[in-house]
Amino acid sequence: MHYWLMKSEPDAFSIDDLARVRTEPWTGVRNYQARNFMRDGMRPGDGVLFYHSSCAEPGVVGIAEVASEAYPDPTQFDRKSDYFDPASTTENPRWMLVDVAFKRKLKRTITLTELKELPKLDEFSLLRRGNRLSVLPVTKPQWDCILSLETR
DNA sequence: GCCAACGTTGGC
DNA sequence: GCCAACGTTGGC
């Protein structure tokens, strides 16, 4: 079992949206490193910290779960999609995704500000300078450390 | 293969 | 809205 963090802009797709639809294909990732994490790293059942970015209060807002093996992102073949990639083919798809399933909302947002204050998370890639990955790995100690803040 | 230009991310 | 950081593109 592995652990991950996935970012989403709540204006576009929030934890409440995920709670409503229950399961969502994670379309639109167009970064090779993030793709590789989904394609090569993720397995059904892996834990996911759901993170709200580019908003008033950035932070971890919920827990989700990887709900499928990786498969080709259908939006890369859709000419009408913002994520259309003319260089990708069905025989050799460039972009992969997984389904993400809702588990629960946190009792409160664990803010980015709080995470930065924890010495234990110095090595957490979310907090490293210039990090822009929208899908990134979380170690078990980091996972436990972050979630221990929920009821603090 | 280098690197400048450009686009995007995301916190503030 | 600003801007730092960083990935990608494309000319050479």
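Everything that follows concerns the structure shown earlier in this document.
Since the model is a prediction, treat every value here as computed from it, not as a measurement.

Undergrad: What am I meant to see in the packing of aromatic side chains here?
TA: Aromatic rings considered in pairs are described by the distance between their centres and by the relative angle of their planes. Within the structure shown, the criterion is met by five aromatic pairs. Aromatic side chains phenylalanine 13 and tryptophan 26 sit 6.1 Å apart centroid to centroid with 85 degrees between the ring planes, which places their arrangement in the edge-to-face category. Placement of phenylalanine 13 in the loop between strand 1 (3-8) and helix 1 (15-21) and of tryptophan 26 in the loop between strand 2 (23-25) and helix 2 (32-41) is noted, with a sequence separation of 13 residues between them. Put simply, the rings of Phe13, Trp26 and Phe50 pair up and form one aromatic cluster.

Undergrad: Help me out: how do you make sense of the protein's contact with DNA strand C in this one?
TA: Around DNA strand C, a shell composed of Tyr32, Arg129, Gly130 and Arg132 is seen. Take arginine 129: an N or O atom from its main chain is 3.0 Å from a phosphate oxygen of DNA strand C. Within the side chain of arginine 132, an N or O atom sits 2.7 Å from a base oxygen of DNA strand C. A per-class count over the surface near DNA strand C returns one nonpolar, one polar and two charged.

Undergrad: Please explain the protein's contact with DNA strand B as it appears in this structure.
TA: Taken together, Lys7, Tyr51, Ser53, Ser54, Pro58, Leu112, Lys116, Arg132 and Leu133 make up all the residues around DNA strand B. Each atom of DNA strand B within 4 Å of the protein was assigned to sugar, phosphate or base; sugar and phosphate come to 74%. At 2.8 Å, a side-chain N or O of tyrosine 51 approaches a phosphate oxygen of DNA strand B. For DNA strand B, a phosphate oxygen lies 2.9 Å from a polar atom in the backbone of serine 54. Taken together, the residues of the surface near DNA strand B sort by class into four nonpolar, two polar and three charged.

Undergrad: Mind showing me how you'd approach the pairing of strand 1 here?
TA: Looking down a regular strand, the side chains alternate between one sheet face and the other. Among the six residues that make up strand 1, six are buried, leaving the element largely enclosed by the rest of the structure. Alternating residues of strand 1 divide into Tyr3, Leu5 and Lys7 and Trp4, Met6 and Ser8, and every residue in both groups is buried. Of the pairings in the sheet, the one linking strand 1 to strand 3 (residues 47-52) comprises six bridges and is parallel in character. Looking at the pairing, lysine 7 lines up with tyrosine 51 of strand 3. By the bridge criterion, four bridges tie strand 1 to strand 8 (residues 135-138) in an arrangement that is antiparallel. Residue pairing across strands places tryptophan 4 opposite proline 137, the latter belonging to strand 8.

Undergrad: Please clarify how helix 4 (residues 140-147) should be interpreted in this entry.
TA: Think of an α-helix as turning once every 3.6 residues; residues three or four places apart then point the same way. Inspection of helix 4 places Gln142, Trp143, Cys145, Ile146 and Leu147 among the buried residues, and these make up the whole buried set. Of the surrounding elements, those touching the buried residues of helix 4 are strand 1, strand 3, strand 4 (59-66), strand 7 (99-111), helix 3 (112-116) and strand 8.

Undergrad: Hey, could you run me through the side chain of glutamine 142 in this one?
TA: Within the secondary structure, glutamine 142 sits in helix 4. Ignoring sequence-local partners within four residues, the contact set of glutamine 142 consists of Leu121, Glu123, Phe124 and Pro137.

Rules of the game
Residues numbered from 1 in each chain as written. Chains lettered and ligands numbered in written order. Predicted model: local features only at pLDDT ≥ 70, side-chain atom pairs only at ≥ 80, totals over all residues. Heavy atoms only, no water. Phe/Tyr/Trp six-rings, centres within 6.5 Å; stacked < 30°, edge-to-face > 60°. Helix = DSSP H or I, 4+ residues; strand = E, 2+ residues; numbered from the N terminus. Near = heavy atom within 4 Å. Polar contact = N/O pair within 3.5 Å; in protein donor to acceptor, adjacent residues only side chain to side chain. Nonpolar A, V, L, I, M, F, W, Y, C, P; charged D, E, K, R; others polar. Buried < 20%, exposed > 50% of the residue type's maximum accessible area, 1.4 Å probe, protein only. Pairing = 2+ DSSP bridges. Contact = heavy atoms within 4.5 Å.

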